[in-house]
Amino acid sequence: MNSAVIVAAGTGKRMKSNINKQYIKLRDKEVVAHTIEAFDKNDNIDEIVVVIREDEEEFFVEHILNKYNFDKSIKIAYGGNERQDSVYNGLKKVSKECNIVLIHDGARPFVSKAIINNSIEEAIENKAVVVGVPVKDTIKVLDDNNIITNTPNRKYVWAVQTPQSFDYELLIKSYENAFKNHFYGTDDAMLVENMGYNVKMIMGSYENIKMTTREDLNFGEQILKNRE
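Chemist: I tried to follow the pattern of salt bridges on my own but got confused; where do I start?
Modeler: Where side chains of opposite charge bring their charged atoms close, a pairing between them can arise. On inspection of all chains with the given rule, the structure shows 13 salt bridges. Asp-105 is the partner of Arg-83 in a salt bridge, and the nearest nitrogen-oxygen pair spans 3.3 Å. Highlighted residues: Arg-83 in helix H3 (residues 83-91) and Asp-105 in strand E6 (residues 100-105), separated in sequence by 22 residues. Between Glu-207 and Arg-227 there is a salt bridge whose closest N-O contact spans 3.3 Å. Here Glu-207 is found in the loop between strand E11 (200-203) and helix H7 (214-227), whereas its partner Arg-227 is found in helix H7, with 20 residues between them in sequence. A relative accessible area of 28% means that Glu-207 is categorised as partly exposed. What makes Arg-227 partly exposed here is its relative accessible area of 44%. Here the salt bridges share partners, and the residues they tie into one network are Arg-83, Asp-105, Arg-108 and Asp-188.

Following this line, the structure appears as C-alpha cells:
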C-alpha cells in the first residue's frame, strides 16, 4: 500500500499574499488542487493525507475537496509548529497497512506521474529515496562573516525536491528518534540520515518547482502553457 502525505500547512510569507500560497490560483485552479490531482490520478497511490492549518479546514473542504470531487478519499491532518511536526501529524493519519509513504509539498504542483512512480519503485528497493536535480550554478559555502570557505564540486551538489519516499516503518522510527533527541531537520531525509541510513537521490525535474515567490507563479503559468 502506497500513501501520500501532502503538506499544505505553511503560510507563504515570501509570496507576499494575504492568503495561504497553497490557495493561490494557477489557471483558475488552486495550487494545492493541482498537487492533489497529481496523486489522485495516479493508480499507484492508494490513499492521500493532506496536512492543513486547522483554521483553514472549512475553507479547504468547501473550496478544494467539495469543489473538485477527487476520486480518492482525502484524509485531513492539522499542521504543527514546524514542518516536521506537520509531517508527523500526517504520518499518524496514514493507514497501518502502508508500506511506502511519499511526503510531498502542497506548493509543488507539477510533480509528474513518472516521478511518483519512480519514487515508489526506488523506495521499495532502497527504503529511502528523494528526488532532486543537479544544480546549474556554482555553489559557495560561507562562514558567519560571508567569507567563502568552500566551493563544492558541482557534480555532487543537487537541489532537493519532493516527493521524498520511504518505507513507512523506517520513517516513523526516524521521526520518533528525532523527537526523542530533540533533533529538527529541514526535510524528512535528514531524519533518516540522522538514524544512520543511506538515502538515495533520483532525478526529479526542473519543472517540479515549489511555489514560493511571485516569480514562481509566472513560471508555473508557463509550465501549464507548455504542457498544453
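Back to the write-up after that little detour.
Chemist: In this structure, what is going on with the nonpolar core? I would like to understand it.
Modeler: It is characteristic of soluble globular proteins that their nonpolar side chains tend to be buried jointly. In this structure, Ile-36, Phe-39, Ile-45, Ile-48, Val-50, Phe-60 and Ile-64 are the most contacted members of the largest nonpolar core, which totals 28 residues. Elements with a minimum of two residues in this core: strand E1 (2-8), helix H1 (31-40), strand E4 (47-52), helix H2 (57-68), strand E5 (74-78), E6, helix H4 (113-126) and strand E7 (128-134). Setting aside residues no more than four positions away along its own chain, Phe-39 makes contact with Ala-4, Ile-6, Ile-45, Ile-48, Lys-72, Leu-102, His-104, Val-111 and Ile-116.

Chemist: How should I be thinking about the packing of H1 against H2 in this particular structure?
Modeler: Each pair of packed helices can be described by the angle between their axes along with the distance between the axes. Contact pair H1 / H2: the axes reach a minimum separation of 11 Å and the direction vectors enclose 40°. In terms of orientation, H1 and H2 fall into the oblique class. H1 and H2 meet at a crossing whose hand is right-handed. Note on element contacts: H2 touches H1 through Phe-60, Ile-64 and Tyr-68, opposite Val-32, Ala-33 and Ile-36. Along the lines of polarity and charge, the residues of the contact of H1 with H2 split into 6 nonpolar, no polar and no charged.

Chemist: Explanation requested: the side chain of Lys-29 in the structure shown.
Modeler: Here Lys-29 lies in strand E3 (residues 29-30). Of the polar contacts made by the side chain of Lys-29, one reaches the side chain of Glu-37; its length is 3.0 Å. Beyond its immediate sequence surroundings of up to four residues, Lys-29 is in contact with Ile-24, His-34, Glu-37 and Tyr-68.

Basis of the calculations
- Sequence positions are assigned chain by chain, starting from 1 and proceeding in written order.
- Side-chain atom pairs in this predicted model are given and counted only at pLDDT of 80 or more, local residue features only at pLDDT of at least 70, and totals for whole chains, interfaces and linings cover all residues.
- Based on all heavy atoms of the structure, the side-chain values leave hydrogens and waters out of the count.
- A side-chain nitrogen of Lys or Arg and a carboxyl oxygen of Asp or Glu constitute a salt bridge if their distance falls within 4 Å.
- Here a helix means four or more residues in a row that DSSP labels H or I, a strand means two or more in a row labelled E, and each is numbered from the N terminus.
- Partly exposed describes any residue whose relative accessible area lies between the buried limit of under 20% and the exposed limit of over 50%, with all areas from a 1.4 Å probe on protein chains only and scaled to the type maximum.
- Only buried Ala, Val, Leu, Ile, Met, Phe, Trp, Tyr and Cys residues count toward a nonpolar core, and they belong to the same one when joined by side-chain atoms within 4.5 Å.
- By definition, residues are in contact when any of their heavy atoms lie within 4.5 Å.
- Only the stretch in contact is used when a helix axis is fitted, and all axes are lines through C-alpha atoms; the angle between N-to-C directions ranges over 0 to 180 degrees.
- Reported orientations rely on four angle classes, namely roughly parallel under 35 degrees, roughly antiparallel over 145, roughly perpendicular from 65 to 115, and oblique for the rest.
- For any helix crossing, the convention is left-handed if the near helix is rotated counterclockwise from the far helix by under a right angle, and right-handed if that rotation is clockwise.
- Each residue is assigned to one class: nonpolar for Ala, Val, Leu, Ile, Met, Phe, Trp, Tyr, Cys and Pro, charged for Asp, Glu, Lys and Arg, and polar for all the others, Gly among them.
- For this analysis, a polar contact is any N or O atom pair within 3.5 Å, provided that within protein one partner can donate a hydrogen and the other can accept it, and provided that sequence-adjacent residues contribute only side-chain to side-chain pairs.

Any functional reading would require information that these geometric values do not contain.
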